Amino acid sequence: MEGVAMFNYQGSADDELSFQAANVLKIISFQEDRNWFKAELNGQIGFVPKNYIQMRDNYWYMAT
């Protein structure tokens, strides 16, 4: 799954991923508290706040 960053985010912990608005992130997994995604950007993996990300539609999954 992919998501597009709606805002800039500067991670404040070692396990958080920093990104810029309009970056496309690969969403790896959802966290149990549902406030964070585990994501990848430019080969780096970390947690990103869910409310900063707009998920892309998965057209390959949608029925026609």
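Our structure is the block above this text.
We now turn to the structure provided with this report.

Definitions and limits used
Residues numbered from 1 in each chain as written. Predicted model: local features only at pLDDT ≥ 70, side-chain atom pairs only at ≥ 80, totals over all residues. Heavy atoms only, no water. Salt bridge = Lys/Arg side-chain N within 4 Å of Asp/Glu carboxyl O. Helix = DSSP H or I, 4+ residues; strand = E, 2+ residues; numbered from the N terminus. Buried < 20%, exposed > 50% of the residue type's maximum accessible area, 1.4 Å probe, protein only. Pairing = 2+ DSSP bridges. Axes fitted to C-alpha atoms, helices over the stretch in contact; angles between N-to-C directions. Phe/Tyr/Trp six-rings, centres within 6.5 Å; stacked < 30°, edge-to-face > 60°.

**Considering the pattern of salt bridges**
Inference 1: A complete count under the given rule lists one salt bridge for this structure.
Inference 2: Here E2 and R56 are joined by a salt bridge, their closest N and O atoms 3.0 Å apart. Of this pair, E2 sits in strand 1 (residues 2–5) while R56 sits in the segment after strand 5 (53–55); the two residues are 54 residues apart in sequence, bridging distant segments of the chain.
Inference 3: Residue classification places E2 among the partly exposed residues on the basis of a relative accessible area of 36%.

**Quick look at unusual backbone geometry**
Inference 1: Phi is positive for A22, close to 80 degrees, though the residue is something other than glycine.
Inference 2: As for its placement among the helices and strands, A22 is situated in the loop between strand 1 and strand 2 (24–30).
Inference 3: The phi dihedral of N42 falls on the positive side, at around 55 degrees, and the residue is not glycine.
Inference 4: Here N42 shows up in the loop between strand 3 (36–41) and strand 4 (44–49).

**Let's talk about the sheet that holds strand 1**
Inference 1: Reading across from one edge, 4-3-2-1-5 is the order of the five strands in this open sheet, with antiparallel pairing throughout. On the outer flanks of this sheet lie strand 4 and strand 5, each paired with one strand and no other. Between one strand axis and the next, the sheet turns through 45 degrees on average, direction left out of account.
Inference 2: Alignment of strand 1 against strand 5, held across three bridges, turns out to be antiparallel.

**Considering the packing of aromatic side chains**
Given two aromatic rings, one states the distance between the centres and the angle between the planes to describe the pair.
Inference 1: Applying the stated rule across the entire model yields four aromatic pairs.
Inference 2: Pairing F7 with Y52 gives two aromatic rings, centres 5.5 Å apart and planes at 75 degrees, and the pair type is edge-to-face. In this pair, F7 is assigned in the loop between strand 1 and strand 2 and Y52 in the loop between strand 4 and strand 5, connecting sequence segments 45 residues apart.
Inference 3: Note on F7: relative accessible area 44%, which makes it partly exposed.
Inference 4: Each member of the aromatic cluster is reached from another via a ring pair, and the members are F7, Y9, F19 and Y52.

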